[in-house]
Amino acid sequence: MTQTKQKLLIIEDDPGLQKQLRWSLDAYDVVVAGDRETALAQIRRHEPAVVTLDLGLPPDAEGSTEGLATLQQILALAPDTRVIMLTGNQERGNAVKAIALGAYDFHQKPCDPEVLGLVIERAFFLNALQQENRRMQQAQSDSPMSGVISRDGGMLKVCRNIEKVAPTSASVMILGESGTGKEVLARALHALSPRASQRFMAINCAAIPENLLESELFGYEKGAFTGAAKQTKGKVELAHGGTFFLDEVGDLPMALQSKLLRFLQERVIERVGGHEEIPVDVRIVCATHQKLKDLTASGRFREDLYYRLSEIVVTIPPLRDRIGDAALLAHHFKNKFSAQESRAALHFSSEALAAIEAHRWPGNVREMENCIKRAVIMTDGQTIGADDLGLSVAEEDEPLNLRQVRDEAEYKAIIKALARVDGNIVKASELLGISRPTMYDLMNRHAIKAGA
């Protein structure tokens, strides 16, 4: 099995030296260029990790201006590229300038082929290490907490905030739309806290009738009401030493809000029908999809309770605002439910993925989970299509090819800059932070006329 050779770009205007270098460096897939324009075209096309660059390029073959300008443009276009400068010019200042501009190494001609080969080999090795390190850092930051699947910057920031607050005793309020994963984060916070070995108790304030909610929270004594046949501890008391999670706290009745406030202040409870104060050590984490500040302003939620509960506030972004997470979660749920339902390996069609990314997901992750589970069960073949998901197909799929995305971004930036300065190329170059030759190069590449 043959191994793919690594791309090496040699920028040299002397055809004889081009041939000599190509021959001595046959361990690599060598591409050549004799001038700046060709070199930049090869960089865009092949994206080589390592480049050898002759300092004296036409039209300044005896000087260094063209070679240094080419170095700057290469590093602006591909910052991770290792550029090894080669020159017959003995002036030491050129080496200093080149290294200052970001060159990896600097060698005098004629070069010892064996030494140059070792330098190039090491440059490829260091580039590979850098890329591997980047992949490892990305993998470590992909999902900092168990149960959280995300690569979105906003969501990862939320996770880091949870990690910061977890070791403390502060009360935490988690805000976010229904289905965004508020309880997942609450459980992650508990797992990262010093209370992880104790119980995590949760109660949904909106799911329990008002007349039963107090006894669920604080428990009751035997005979406190009809059917109270024995003393029963409430969820708060059962969570002693651990974490108590109040979901949908915005639906908590006003009468219970005052009792919860007293508990937060005194850290003691009284069971329904009892008179004994029972000390409870528990951390409170609450969540709601409602805007508690608005409820406070309208008098439906106690302001003093709000400030007791919101020592730390964490807001989860909705799925529609989490870049790349829709497709990431879709693959996760597809794999999960394929294994759970004993289905053969399934994959999404391109139309299905486009529909997933275009959908607004008003029910967020919960809606996504239900949608993918239904598709896994109902799909006949091995491909999940847009029809299986029940989602409309996106009319226009955003390109994922990096070169295409970069080209489109460059084109739009140049057009906007020229429009902003009324076609003045010098001012447009300054606005974009590039040199005038680079501006002309980009305009030629994107077929933008100076007067357009």
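The structure displayed is predicted, hence computed values, not measured ones.

Rules behind the numbers
- Residues numbered from 1 in each chain as written.
- Predicted model: local features only at pLDDT ≥ 70, side-chain atom pairs only at ≥ 80, totals over all residues.
- Heavy atoms only, no water.
- Helix = DSSP H or I, 4+ residues; strand = E, 2+ residues; numbered from the N terminus.
- Rg over C-alpha atoms; globule rule 2.2 N^0.38 Å.
- Buried < 20%, exposed > 50% of the residue type's maximum accessible area, 1.4 Å probe, protein only.
- Contact = heavy atoms within 4.5 Å.
- Lys, Arg positive; Asp, Glu negative; His and termini not counted.
- Charge placed at Lys NZ, Arg CZ, Asp CG, Glu CD.
- Phe/Tyr/Trp six-rings, centres within 6.5 Å; stacked < 30°, edge-to-face > 60°.
- Lys NZ or Arg CZ within 6 Å of the ring centre and 35° of its normal.
- Core = buried A, V, L, I, M, F, W, Y, C linked by side-chain atoms within 4.5 Å.
- Patch = residues over 30% accessible without salt bridge, like charges linked within 9 Å, V, L, I, M, F, W, Y side chains within 5 Å.
- Areas by Shrake-Rupley, 256 points an atom, 1.4 Å probe, with all protein chains shown as cover.
- Salt bridge = Lys/Arg side-chain N within 4 Å of Asp/Glu carboxyl O.

A. Representation of the overall build of the protein chain. For the protein chain, the count of helices and strands is 19 helices and 16 strands. On C-alpha atoms alone, the protein chain measures out to a radius of gyration of 32 Å, which is more than a quarter above the 22 Å that the 2.2 N^0.38 rule sets for 452 residues. For the protein chain, the spread of C-alpha atoms along the principal axes amounts to about 100 × 55 × 55 Å. The buried share of the protein chain, reckoned over its 452 residues, is 44%. Once local pairs closer than 6 in sequence are excluded, the contacts in the protein chain between residues at least 24 apart make up 66%. Between the centroid of the 54 positive side chains of the protein chain and the centroid of its 61 negative side chains there is a distance of 4 Å.

B. Local environment of the packing of aromatic side chains. Considering all chains together, one arrives at five aromatic pairs under this definition. An angle of 25° between the planes, with centres 6.0 Å apart, marks the rings of Phe-200 and Phe-245 as stacked. A residue pair is termed long-range when its members are at least 10 positions apart, and Phe-200 in strand β7 (residues 200-204) and Phe-245 in strand β10 (residues 243-247) qualify at 45 residues. Judged by its relative accessible area of 0%, Phe-245 is buried. For the ring pair Tyr-306 and Tyr-307, a centre distance of 5.2 Å and an interplane angle of 75° mean the geometry is edge-to-face. With relative accessibility at 8%, the residue Tyr-306 sits in the buried group. A relative accessible area of 52% places Tyr-307 in the exposed class. Arg-267 extends its terminal NZ or CZ atom over the ring of Phe-263, reaching a point 5.5 Å from the ring centre.

C. Region of the structure containing the nonpolar core. Ranked by size, the top nonpolar core spans 32 residues in total, and within it Leu-217, Val-236, Phe-244, Leu-246, Phe-263 and Leu-309 carry the most contacts. Those elements giving two or more residues to this core turn out to be β6 (172-175), β7, α8 (210-218), β10, α10 (254-266), β13 (283-288), α11 (292-297) and α12 (303-309). Looking at which element gives the most residues to this core, the answer is α10, with five residues. Here Val-236 is in contact with Leu-217, Phe-218, Phe-244, Phe-263, Ile-269, Val-280 and Val-282, once residues within four sequence places are set aside.

D. Examining the side chain of Gln-18 more closely. Along the chain, Gln-18 falls in helix α1 (residues 15-24). You can call Gln-18 buried: its relative accessible area is 18%. Other than its neighbours up to four places away in sequence, Gln-18 contacts Glu-12, Val-32, Ala-33 and Gly-34.

E. Representation of a negative patch on the surface within the structure. Where like charges cluster on the molecular surface, the negative patch consists of Asp-13, Asp-14, Asp-35 and Glu-37. Positionally, Asp-13 belongs in the loop between β1 (7-11) and α1. A residue is classified by how much of its surface remains accessible, and Asp-13, at 31% relative accessible area, is partly exposed.

F. Quick look at unusual backbone geometry. For the peptide bond that leads from Pro-58 to Pro-59, omega is 10°, which places it in the cis range. Positionally, Pro-59 belongs in the loop between β3 (50-54) and α3 (65-77). A cis amide bond links Lys-109 with the next residue in sequence, Pro-110, at an omega value of -5°. Structurally, the position occupied by Pro-110 is in the loop between β5 (105-108) and α5 (113-142). Located in the positive-phi region is Glu-47, a residue other than glycine, with phi close to 50°. The residue Glu-47 is located in the loop between α2 (36-46) and β3 in this model. Given a relative accessible area of 47%, Glu-47 falls into the partly exposed group.

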